[in-house]
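Given next are the chains, with one letter for each unit.
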Amino acid sequence: MMDPDVTLPTPEATLEWGAELARTLQPGSVIALCGHLGAGKTQATKGIVSGLSSRADVTSPTFTLVHEYLDGRVPIFHFDFYRMDTAQQVLTVGWDDFLDEPGVVIVEWADLFPELLPDHTRWFHFTSLPTGERRVKESDSATA
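Everything in this summary refers to the structure shown in the same document. Each chain has its residues counted from 1, following the order in which its sequence is written. Totals for whole chains, interfaces and linings use all residues, but because this is a predicted model, local features are given only for residues with pLDDT of at least 70 and pairs of side-chain atoms are given and counted only at 80 or more. Side-chain metrics rest on all non-hydrogen atoms present in the structure, leaving aside hydrogens and water.

**Notes on the overall build of the chain**
Thought 1: Check the secondary structure of the chain and you find 4 helices and 7 strands.
Thought 2: Strands here mean DSSP runs of E at least two residues long; helices mean DSSP runs of H or I at least four residues long; both are numbered from the N terminus. Taken from N to C terminus, the helices and strands of the chain fall in the order β-α-β-α-β-β-α-α-β-β-β.
Thought 3: In terms of C-alpha radius of gyration, the chain reaches 14 Å, essentially the compact-globule figure of 15 Å for 144 residues.
Thought 4: Taking the principal axes of its C-alpha atoms as reference, the chain extends roughly 40 × 30 × 25 Å.
Thought 5: Burial here depends on accessible area, computed with a 1.4 Å probe over protein chains only, as a share of the maximum for the residue type. Under 20% is buried, over 50% is exposed, and the range in between is partly exposed. The burial tally for the chain puts 47% of its 144 residues in the buried class.
Thought 6: For the chain, the share of sequence-separated contacts (at least 6 apart) that also reach a separation of at least 24 residues comes to 58%.
Thought 7: Under the convention used here, a 1.4 Å probe and the Shrake-Rupley method define accessible areas, while residue burial counts only the protein chains that appear. Surface accessibility of the chain: about 7200 Å² in total, with carbon and sulfur atoms responsible for 51%.
Thought 8: Computed over 10 positive and 21 negative side-chain charges, the separation of the two mean positions in the chain equals 8 Å. The globule rule is 2.2 Å times the number of residues to the power 0.38, and the radius of gyration it is compared with is taken over C-alpha atoms. Whether two residues are in contact is decided by their heavy atoms: any pair within 4.5 Å suffices. For the charge count, each Lys or Arg is scored as positive and each Asp or Glu as negative, with His and the chain ends excluded. Every charge is mapped onto a representative atom, which is NZ of Lys, CZ of Arg, CG of Asp or CD of Glu.

**Observations regarding the sheet that holds strand β2 (residues 30-34)**
Thought 1: Strand order across the open sheet formed by 7 strands is β1-β7-β6-β2-β5-β4-β3, with mixed pairing between neighbours. In this open sheet, the two strands that pair with only one neighbour each are β1 (5-8) and β3 (66-69). With strand direction ignored, the average angle separating the axes of adjacent strands in the sheet is 20°.
Thought 2: Of the strand pairs in this sheet, β2 and strand β6 (residues 122-128) are connected by 4 bridges, and their pairing is parallel. Within the sheet, the bridge partner assigned to I31 lies in β6 and is R122.
Thought 3: Here an axis means a line fitted to C-alpha atoms, over the contact stretch when the element is a helix, while the angle between two N-to-C directions is reported on a 0 to 180 degree scale. The sheet contacts of helix α2 (residues 41-51) involve β2, β3, β4 (76-80), β5 (104-108) and β6, and relative to β5 the element is tilted by about 165°. Note: two strands are recorded as paired if DSSP finds a minimum of 2 bridges between them.

**Section: unusual backbone geometry**
One can expect most non-glycine residues to show negative phi and most peptide bonds to be in trans.
Thought 1: Phi angles above zero are rare outside glycine, and S53 is one such case at about 70°.
Thought 2: Here S53 lies in the loop between α2 and β3.
Thought 3: With relative accessibility at 48%, the residue S53 sits in the partly exposed group.
Thought 4: One non-glycine residue, W109, lies in positive phi territory at about 60°.
Thought 5: In this structure, W109 sits in the loop between β5 and β6.
Thought 6: A relative accessible area of 14% means that W109 is categorised as buried.

**Regarding empty space enclosed by the protein**
Thought 1: Detection works on a 1 Å grid of protein atoms alone, calling trapped sets that fit a 1.4 Å probe cavities and calling open sets with protein on both sides within 12 Å along at least five of seven lines pockets, with lining residues defined by an atom within 4 Å of a point. Grid points are joined across faces, edges and corners, and a volume is the space filled by probe spheres set on the points. Using the criterion set out here, one finds 1 cavity of 30 Å³ or more in the structure.
Thought 2: Taken as a whole, the largest cavity encloses approximately 30 Å³ of empty space.
Thought 3: M2, D3, P4, D5, V6, W17, F124, V136, K137 and E138 are the residues that line the largest cavity.
Thought 4: Listed by contribution, the elements that provide at least two residues to the lining of the largest cavity are β1 and β7 (134-139).
Thought 5: A per-element tally of the lining of the largest cavity places β7 first, with 3 residues.
Thought 6: Side-chain classes follow a simple rule in which Ala, Val, Leu, Ile, Met, Phe, Trp, Tyr, Cys and Pro form the nonpolar group, Asp, Glu, Lys and Arg form the charged group, and the remainder, Gly included, forms the polar group. Residues that form the lining of the largest cavity fall into these classes: 6 nonpolar, no polar and 4 charged.

Below, the structure written as structure tokens:
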């Protein structure tokens, strides 16, 4: 079991945290990453993707909504809700179909449309600290 509240001192520590989280994931896992711009969501996603044995070049899918990484131990579907105005916009790209796939779904800015996330979603909230460190806290919902 991962620590539900951890401080990550460096970007490399955030990558390592993501890789550690990846070891706990199975097909059907849904990971919700919440936090302000620059809080570490994409860095954590890079660690998760690497930890799932993908060699993909991970970037935030802000303008494409979803990136698919299919070369790892399970398919990974990386979403970013940041530029979405309504839940309906998310649904029009086949959101429900991605949730039915035997892969891992990672969602940045998931707290913008929490009603779209299934009950078994694991929620992680990222905060930048004045020291430059990041704090990540796991919770049961879109609110920390």
